[in-house]
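# Inside the fold
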Amino acid sequence: MNVKEAIESRRAYRSLDPVEIREELILDLANTVKIAPSCGNKQPWRYIFVYEKERLRVLFTALSEGNKWVEKASMIIAVFSTLKNDCIIGKRLYYLFDTGLATAFLILRATELGLVAHPIAGFKEGLAKEILKIPDDMRLITLVIVGKHSKEVNPVLSDSMKLGEKQRPPRKKLEDFLFLNSYENRFSIE
Ligand SMILES: Cc1cc2nc3c(=O)[nH]c(=O)nc-3n(C[C@H](O)[C@H](O)[C@H](O)COP(=O)(O)O)c2cc1C
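Our subject in this report is the structure included herewith.

What counts and how
Every chain's residues receive numbers from 1 upward, in the order its sequence appears when written. Predicted model: local features are reported for residues with pLDDT of at least 70 only, side-chain atom pairs are reported and counted for 80 or more only, and whole-chain, interface and lining totals are derived from all residues. Note that the side-chain values use all heavy atoms of the structure and ignore hydrogens as well as water. Put simply, DSSP marks the helices as runs of H or I at least four residues long and the strands as runs of E at least two long, and each gets a number from the N terminus on. A radius of gyration in this sense is built from C-alpha atoms; the matching globule rule multiplies 2.2 Å by the number of residues raised to 0.38. Cysteine sulfur pairs qualify as disulfides if the two atoms are within 2.5 Å. The rule is simple: take the accessible area with a 1.4 Å probe, protein chains only, and divide by the maximum for that residue type; under 20% is buried, over 50% is exposed, in between is partly exposed. The convention used is that axes are lines fitted to C-alpha atoms, helices contributing only their stretch in contact, and that angles between N-to-C directions extend from 0 to 180 degrees. Note on angle classes: values under 35 degrees are labelled roughly parallel, values over 145 roughly antiparallel, values of 65 to 115 roughly perpendicular, and the remainder oblique. Left-handed describes a crossing whose near helix is turned anticlockwise from the far helix by less than a right angle; the clockwise case is right-handed. Only heavy atoms enter the contact rule, under which two residues are in contact if any of them lie within 4.5 Å. Throughout, the ten residues Ala, Val, Leu, Ile, Met, Phe, Trp, Tyr, Cys and Pro are labelled nonpolar, Asp, Glu, Lys and Arg are labelled charged, and all others, Gly among them, are labelled polar. Being near a molecule or strand, for a residue, means having at least one of its heavy atoms within 4 Å of it. A 3.5 Å cut-off defines polar contacts: any pair of N or O atoms within that distance qualifies, except that in protein one atom must be a possible hydrogen donor and the other a possible acceptor, and neighbouring residues in sequence count only when both atoms are side-chain atoms. Accessible areas in this description were obtained via Shrake-Rupley with a 1.4 Å probe; residue shielding takes into account the shown protein chains only. Two strands are counted as paired when DSSP detects at least two bridges linking them.

Secondary structure assignment for the protein yields seven helices and seven strands. Ordered by position from the N terminus, the helices and strands of the protein form the series α-β-α-β-α-β-β-β-α-β-α-β-α-α. Since a compact globule built from 190 residues should have a radius of gyration of about 16 Å, the 18 Å found for the protein is in line with a globular shape. The principal-axis extents of the C-alpha atoms in the protein amount to approximately 55 × 40 × 30 Å.

In C-alpha cells:
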C-alpha cells in the first residue's frame, strides 16, 4: 500500500472485531511516531498503549454515551502532551499540531497494517487521565481506538453511524477551504 492508498482507505469505522495485540505491533506504531516532524524536533507527544483487558474495561467507563461501540476495541492508544513540551512562538502553540501530525502517521501505518485506528474526542478527560495516571498538567488530546473492521455492523451504532460504515461522511468542497496565492483569491472551478 502506498501513502495515497493508505490515506484513501483510512476510515473511522465503528464496527470492530478483535485483533491480537503483539509487542511487534506496538513497536511498529511507536517507531512510526518516533520519526514524525516536530517544531525544533521537540517531539512533544506522549502515548500510552492500553491493551490489558481489565485496564481497557476500566477505561471504557470514561467514554461518552455515543461511543459505546468502543467497547469492542482491542487496544486504545491514549495521546497526550502539554504546551510546555513544544514550541510557543507568539500566540502559536505547536504541541497540538505536532502531536496531531505524529498521530496521523500512526493512524496511516495502522491502516497499512489492515487495522482500524479511529481517533475520538468523546470521553471524560479527567476520569480517563485518572485511570491512566496521566499528570494533571497534561492534555489528553485523543484516544485512538484500534481493532479490525468487522463486516457485521455493530448494533449499538446510531443510524447515521450505521450509514458511516457504508460510505464516507461528506466533505467540504475545495472551494470551501482552498485559496490560491492569497486569502482574497478563493479557489473556484470555472
Ligand atoms: C479529533 C477527532 C475526534 C473524533 N471524535 C469522535 C468520537 O468521539 N466518536 C466517534 O464515533 N467518532 C469520532 N471521530 C471520527 C469522525 O467522526 C470521523 O473521522 C469523521 O466523521 C469522518 O469520517 P472518516 O474518518 O471515516 O472519513 C473523531 C475524529 C477526530 C479526528
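And the narrative resumes.
As a further point, take the state of the cysteines. Using the criterion set out here, one finds one disulfide in the structure. The disulfide partner of Cys39 is Cys87, and the S-S distance across this bridge is 2.1 Å. An S-S torsion of about -100 degrees defines the bridge between Cys39 and Cys87 as left-handed. Note that Cys39 is positioned in the loop between helix H2 (23-34) and strand S2 (46-50) and Cys87 in the loop between strand S3 (75-81) and strand S4 (88-89), a separation of 48 residues in sequence. Of the residues examined, Cys87 reaches a relative accessible area of 10% and is grouped as buried.

Turning our eyes to something else, we now look at the packing of H2 against helix H4 (residues 95-112). The interhelical angle for the contact between H2 and H4, taken along N-to-C directions, is 140 degrees, at an axis separation of 8 Å. By the angle between their directions, the pair H2 and H4 is classed as oblique. Helix-helix and strand crossings are classified by hand; for H2 and H4 the assignment is right-handed. Along its contact with H2, which presents Asp28, Leu29, Thr32 and Val33, the element H4 presents Ala102, Phe105, Leu106, Arg109 and Ala110. Of the residues assigned to the contact of H2 with H4, the class counts are six nonpolar, one polar and two charged.

The next point concerns the site of the ligand. By nearness alone, 15 residues border the ligand, and Arg11, Ala12, Arg14, Asn67 and Arg171 come closest of all. At a separation of 3.4 Å, an oxygen atom of the ligand approaches a polar side-chain atom of Trp69. Relative to its free-state accessible area of 630 Å², the ligand is covered by the protein chains to the extent of 67%. Of the residues forming the shell around the ligand, the biggest block, three residues, is contributed by strand S6 (residues 116-120). For the shell around the ligand, the per-class residue count stands at seven nonpolar, three polar and five charged.

Glancing now at the pairing of S3. Most of S3 is tucked away: seven of the seven residues are buried. Of the two faces of S3, the one lined by Met75, Ile77, Val79 and Ser81 and the one lined by Ile76, Ala78 and Phe80 are each fully buried. As paired strands, S2 and S3 are joined by five bridges and run antiparallel to one another. Paired with Phe49 across the bridge in S3 is Ile77. Of the pairings in the sheet, the one linking S3 to strand S7 (residues 139-149) comprises seven bridges and is antiparallel in character. Each residue of the ladder has a partner; that of Ser81, found in S7, is Arg139.

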